[in-house]
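Observations on the model geometry
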Amino acid sequence: MQATKRLPVVEHPLVQHKPGHLRDKDTPAVHFRKLDNEITLLLTYEDTKHLPTDALGLVPVMTLRSQLIGVQALEAGASVGYGGTFAARQPMRIGVVACGYADGYPRHAPNGTPVLVDGHRVPMAGRVSMDMITVDLSSVPQAHVGSDVVLWGDGLPVDHVADAAGTVGYEL
């Protein structure tokens, strides 16, 4: 039987750890100053929002990616999505993303849930469909069919999406 490789311990002045808890250095209830890398696989936004995760070398363990499969012009007053929950206030561009609840995206994510298109944060527009979502491309005029989309992970923490969807990152 092969022994399990133990990952090195990361030490950082802002990180203190005891089982089940992460706090900043000013929290008196915590007495340990080491963070085991194995635990970092379970860390989410709530655990790390006050920590310099880049300085700790933490990266997402998963990224949900897709592409734009369509770009449409939407006139003022026109709506998109089931039930027309999103209506354009002015003429705008809408991107169609090849990802929906059948792919694991939260069905209950509302208008405004963050998505990255070509590295730019944009709001979701309309309800999540089985195999697609729509996003507001107003702030990304260069977006086109085939543009890279990150639904969570690299550049967009899963917990930002979970917060918008009223859930926790562990569920996603």
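Remember, predicted model here, so these are calculated numbers, not experimental data.

Thresholds applied
Residues numbered from 1 in each chain as written. Predicted model: local features only at pLDDT ≥ 70, side-chain atom pairs only at ≥ 80, totals over all residues. Heavy atoms only, no water. Core = buried A, V, L, I, M, F, W, Y, C linked by side-chain atoms within 4.5 Å. Buried < 20%, exposed > 50% of the residue type's maximum accessible area, 1.4 Å probe, protein only. Helix = DSSP H or I, 4+ residues; strand = E, 2+ residues; numbered from the N terminus. Phe/Tyr/Trp six-rings, centres within 6.5 Å; stacked < 30°, edge-to-face > 60°. Polar contact = N/O pair within 3.5 Å; in protein donor to acceptor, adjacent residues only side chain to side chain. Contact = heavy atoms within 4.5 Å. pLDDT = per-residue confidence, 0-100. Pairing = 2+ DSSP bridges. Axes fitted to C-alpha atoms, helices over the stretch in contact; angles between N-to-C directions. Salt bridge = Lys/Arg side-chain N within 4 Å of Asp/Glu carboxyl O.

**Regarding the nonpolar core**
Most often, soluble globular proteins keep nonpolar side chains buried together rather than apart. By size, the foremost hydrophobic cluster in this structure holds 24 residues, and its most contacted members are Tyr105, Val115, Val117, Ile133, Val135 and Leu151. Those elements that place two or more of their residues in this core are strand 5 (64-74), strand 9 (114-117), strand 11 (133-136), strand 12 (148-152) and helix 4 (158-165). For this core, the leading source of residues is strand 12, giving four residues.

**Quick look at the packing of aromatic side chains**
What the rule picks out here adds up to one aromatic pair. Geometrically, the ring pair formed by Tyr105 and Trp152 is stacked, given 6.0 Å between the ring centres and 15° between the ring planes. Highlighted residues: Tyr105 in the loop between strand 8 (92-97) and strand 9 and Trp152 in strand 12, separated in sequence by 47 residues. Taking relative accessible area as the criterion, Tyr105 reaches 2% and is therefore assigned buried.

**Topic: the side chain of Thr113**
Tracing the chain through its elements places Thr113 in the loop between strand 8 and strand 9. Among the polar contacts made by the side chain of Thr113, one reaches the main-chain carbonyl oxygen of Pro110 at a distance of 2.8 Å. Non-local contacts of Thr113, meaning those with residues more than four positions away in its chain, are made with Tyr105, Val122, Pro123, Met124, Val161 and Ala164.

**Section: the confidence of the model for the protein**
Overall, the predicted model of the protein reaches an average pLDDT of 78, with 66% of residues at or above 70. Ranking the elements of the protein by mean pLDDT puts strand 2 (residues 16-18) last with 44 and strand 9 first with 98. Low pLDDT, under 50, characterises residues 5-10; the predicted model gives this stretch twelve contacts beyond four residues in sequence or across chains. For the stretch residues 12-42, pLDDT sits under 50, and the model shows 58 contacts to residues farther than four places along the chain or on other chains.

**Looking at the sheet that holds strand 11**
Reading across from one edge, 10-9-12-5-8-11 is the order of the six strands in this open sheet, with antiparallel pairing throughout. Bordering the open sheet on either side are strand 10 (120-123) and strand 11, each of which pairs with just one other strand. Each strand of the sheet is rotated relative to its neighbour by a mean of 40°, with strand direction disregarded. The pairing of strand 9 with strand 10 spans four bridges and is antiparallel. Note on strand 10: the bridge partner recorded for Val117 is His120.

**Let's talk about unusual backbone geometry**
Notably, Asp118 is not glycine yet its phi reads approximately 50°, a positive angle. As for its placement among the helices and strands, Asp118 is situated in the loop between strand 9 and strand 10. Here Asp118 falls in the partly exposed class, since its relative accessible area comes to 29%.

**Observations regarding the environment of Ala76**
In this fold, Ala76 is placed in the loop between strand 5 and strand 6 (79-80). The partly exposed category is assigned to Ala76, whose relative accessible area is 47%. In this structure, the C-alpha to C-alpha distance between Ala76 and Ala88, residues twelve residues apart in sequence, is 5.0 Å. Non-local contacts of Ala76, meaning those with residues more than four positions away in its chain, are made with Ala88, Arg89, Gln90 and Pro91.

**Description of the pattern of salt bridges**
The tally for this structure, following the rule as stated, stands at two salt bridges. With its nearest N and O atoms 3.1 Å apart, the salt bridge here joins Asp148 to Arg65. Here the residue Asp148 occupies a position in strand 12, and Arg65 occupies one in strand 5, the gap between them amounting to 83 residues. For Asp154, the salt bridge is made with Arg65, and the minimal N-O distance between the two is 3.5 Å. One end of the pair, Asp154, is in the loop between strand 12 and helix 4; the other, Arg65, is in strand 5, and 89 residues separate them in sequence. Given a relative accessible area of 44%, Arg65 falls into the partly exposed group. Through salt bridges with shared partners, a single network forms among Arg65, Asp148 and Asp154.

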